[in-house]
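Structural overview
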Amino acid sequence: MATFLYRTGRFAFRRRHFVALIWVALLALAGVGAANAPAAGSSSFSVPGTESQKAFDLLDERFPGAGADGATARVVFQAPAGEKMTDPANKKAVQRAVGELRRGSEVAAVDNPYTAKAVSEDRTIAYARVAYDVPGMELRDSSREALETAAEHARDSGLTVEIGGDALQTAPETGATEVIGIAVAAVVLVITFGSLVSAGLPLITALIGVGIGVSSITALASTLDLGSTTSILAMMIGLAVGIDYALFIVSRYRAELAEGRRGEEAAGRAVGTAGSAVVFAGLTVIIALVGLSVVDIPMLTKMGVAAAGTVAVAVLIALTLVPALIGFAGKRVRPADAGGLFRRRGGNAQQHAHRAPREERPNMGTRWARFVIRRPVAVLLVGVAALGAVAVPAGSIELGLGDDGTQPVSTTQRRAYDLLSEGFGPGFNGPLVVVTDAKGTDDPRGAVREVAADLKGLDDVAAVTPATFDKAGDTAIITVVPASKPSSAETEDLVGAIRAAGDGITDRTGAEVSVTGTTALNIDTSQKLTDAMLPYLALVVGLAFLLLIVVFRSVLVPLKAALGFLLSVMAALGAVVAVFQWGWLGSLLGVEQTGPIMSMMPIFLVGVVFGLAMDYEVFLVTRIREAHVHGERPGQAIVTGFRHSARVVTAAAIIMIAVFAGFIGSHEAMIKSIGFGLATAVFFDAFVVRMAIVPAVLALLGRRAWWLPAWLGRILPNVDVEGEGLRAPGRDDEGADDTAERTGTAPELEPTRG
């Protein structure tokens, strides 16, 4: 592995014009594809295998043309104080608005509140339901403008008018906060490298990688039915790992320069050593993202695969484009000035390569590692206790899918939701659709009457509408309005009670009863994601565990890495619950409305955080193992690893936190919560687990940390992540400077200070 990547790095450095041209061509090709691709519609959301999805599919089959996928809007009217919606002036204003709404080119139907019995009992609130022929994300701007214009005209007559439903749904957009995240990353890179050129390389390559990834997703969005959030999440993850991977390559290149090697050889060694860590770190992220497919929710699978593709592009760019751009930069990328490195005064670096470095002024990483080694038990206990305390709220997590009730109170969707709850009851915003399939029974209508009678007798039922039959007369729809709000435990219990009653009806009549609708689909989705968590963890952690055994040739180090990840992700989930469900510090983060955590959030957070956690594990521990393999004692190997890696890992973590935190400013609830969760998880994992708990555990284990059964060692492939193969006899001669190659003299080195 190291030898192959070494040659790849040298080739990219030497043939930099060719390599750069290929990547620019790929970026241009992806950009052209995105520009010419048809506009992507809304991604269809389905949850295969659930009762609600089966019922939804049955509706499509038995009620064709019902527009189940079409957008809907509820235009809610409230009379002025002291007036009624049935007053002649108010009634005239509503009917005029209904007439305006019906003139839309994409409108399928508009219900008149006064004929559809859509006026509240106290006659102060009414609503008009607008059905469209196309999904919400495909509505033309003119249709949305017509909807808002009709509402505005009704407001002019003195009515309070708000609009709910998915007709106003638009694709989430990135904002200025993402740019701030990139700016913070640039500042951190400049501080880390002390050079604008060195700092610019990771940013440029990461942006090129994200450009290729996001453009490719945009080009394929319509063909592959990709959702609007897919490209945003791919950009979030691709940008973070792209900067980090390039950062590690450039940092190692500067370290190789400081040891006296020339550009091409330094680039080869940087890719051969740090590049090996990049490959395996990238593989863990890809495994975690692609593993989301085991959940069997198509939208989640597509999000994971798209993000994994962007990570793969980031890895390839780090291994090829980064050394190519280093070649273009030439001497503007300066050697690192760190303790333990050598500066050249003349002569051959090879003759003095084994001198022990003089460390008069140890850096922060060295001092921290020595502190942990002196007090490993205390550091371990404090770290575990702190993360455990932050993780406590995770035990109270409530899952659900967002609706208009989770929107900020400043939006018209939320105000419409509140008005409907006030006028028609809290369960009106989450009706349950009960589908009775009586095909093949002796008395279909009799079976449906039994269903309706049983539904009226259940607890927490506010209303049951008359049955609507299909053309064949053997399938019926009954709408049940719960007495409780859609996200409540009472409504979830009602769904279970309806299904239990349906089982009894099936036994008596042979008719099949199923429940669907947005509320039931949310409940089923949350349950399916909860059920999939353990199998997903077993698959992803198991595969990554095997991969890390190959990388570190140890059993205990991968086990420690997996346990540390569990601490990080539980603490991150606890922080998410505290902010987005309990409301702690919500005002500081722009969280206007608390509520259940998005159902897909925990499992997506687990997948991404696991991959990123393994990034830091690989980058940090490979450096420690490299020192151990070269003969250092366990404690000294930890110090050496931290001396060379702590600064870079810290910079990488700050950059990743800044990039993820930039997405907290999104107006999309899922993007906001994922950005916060990932930023928090990276903070916990990098600064508590990897920088404190990991060295403490390694110090306690000593040489046992690298234990590997002899039989396992014989069958495992030797991937040589540490680059031991690059120390073959004669290899350093390739790195000698031009003078030494011409004259055969040895340049004299002396250790630098600090």
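Residues numbered from 1 in each chain as written. Predicted model: local features only at pLDDT ≥ 70, side-chain atom pairs only at ≥ 80, totals over all residues. Heavy atoms only, no water.

Let us look at the packing of aromatic side chains. Across all of its chains, the model carries eleven aromatic pairs by this definition. Measuring from centroid to centroid gives 5.3 Å for Y127 and F424, while their planes differ by 85°, and the two rings are edge-to-face. Residue Y127 is found in strand β3 (residues 125-132), and its partner F424 is found in helix α13 (residues 412-424); the two are separated by 297 residues along the sequence. Residue classification places Y127 among the buried residues on the basis of a relative accessible area of 15%. Given the relative accessible area of 21%, F424 is considered partly exposed. Centroid distance F683 to F687: 5.5 Å. Interplanar angle 50°. Geometry classified as tilted. (Phe/Tyr/Trp six-rings, centres within 6.5 Å; stacked < 30°, edge-to-face > 60°. Helix = DSSP H or I, 4+ residues; strand = E, 2+ residues; numbered from the N terminus. Buried < 20%, exposed > 50% of the residue type's maximum accessible area, 1.4 Å probe, protein only.)

It is worth spelling out a nonpolar patch on the surface at this point. Together, F11, F18, I22, L26 and L29 make up an exposed nonpolar region whose accessible area comes to about 470 Å². For the nonpolar patch, the leading source of residues is helix α2 (residues 16-36), giving four residues. Its location among the elements puts L29 in helix α2. Among the residues examined, L29 registers a relative accessible area of 60% and is labelled exposed. (Patch = residues over 30% accessible without salt bridge, like charges linked within 9 Å, V, L, I, M, F, W, Y side chains within 5 Å. Areas by Shrake-Rupley, 256 points an atom, 1.4 Å probe, with all protein chains shown as cover. Salt bridge = Lys/Arg side-chain N within 4 Å of Asp/Glu carboxyl O.)

Our next topic: the environment of T412. With respect to the element layout, T412 can be found in helix α13. Using a relative accessible area of 18% as the deciding quantity, one classes T412 as buried. A C-alpha to C-alpha distance of 5.3 Å links T412 and E162, two positions 250 residues apart in sequence. Leaving out residues up to four positions away in the same chain, T412 has contacts with R155, E162, I163 and L168. Polar side-chain contacts of T412 include one of 2.9 Å to the backbone nitrogen of I163. (Contact = heavy atoms within 4.5 Å. Polar contact = N/O pair within 3.5 Å; in protein donor to acceptor, adjacent residues only side chain to side chain.)

To continue, consider the packing of helix α11 (residues 364-374) against helix α20 (residues 669-701). Helix-helix packing: each pair is described by the crossing angle between the helix axes and the interaxial distance. Closest axis-to-axis distance for the α11/α20 pair is 9 Å, and the angle between their directions is 50°. One element, α11, and the other, α20, form an angle in the oblique class. The handedness of the crossing between α11 and α20 is right-handed. Contacts between α11 and α20 involve W368, V372 and I373 from the former and M691, A692, P695, A696 and A699 from the latter. Residue composition of the contact of α11 with α20, by class: eight nonpolar, no polar and no charged. (Axes fitted to C-alpha atoms, helices over the stretch in contact; angles between N-to-C directions. Parallel < 35°, antiparallel > 145°, perpendicular 65-115°, else oblique. Left-handed = near helix turned anticlockwise from the far one by under 90°. Nonpolar A, V, L, I, M, F, W, Y, C, P; charged D, E, K, R; others polar.)

Another point: the confidence of the model for the protein. Per-residue confidence for the protein gives a mean pLDDT of 83, with 88% of residues at or over 70. Within the protein, no element has a lower average pLDDT than strand β13 (residues 748-751), which sits at 34, and none a higher one than helix α12 (residues 376-391), at 95. Overall, residues 338-359 carries pLDDT values under 50, and its contacts beyond four positions in sequence, including any with other chains, amount to 59 contacts. Across residues 729-754, where pLDDT falls below 50, the model places 69 contacts with residues more than four positions away in sequence or in other chains. (pLDDT = per-residue confidence, 0-100.)

Unlike most non-glycine residues, R123 shows phi in positive territory, near 60°. Within the fold, R123 resides in the loop between β2 (107-110) and β3. With a relative accessible area of 42%, R123 lands in the partly exposed category. Even without being glycine, D460 reaches a positive phi, approximately 65°. The residue D460 is located in the loop between α14 (444-456) and β8 (461-464) in this model.

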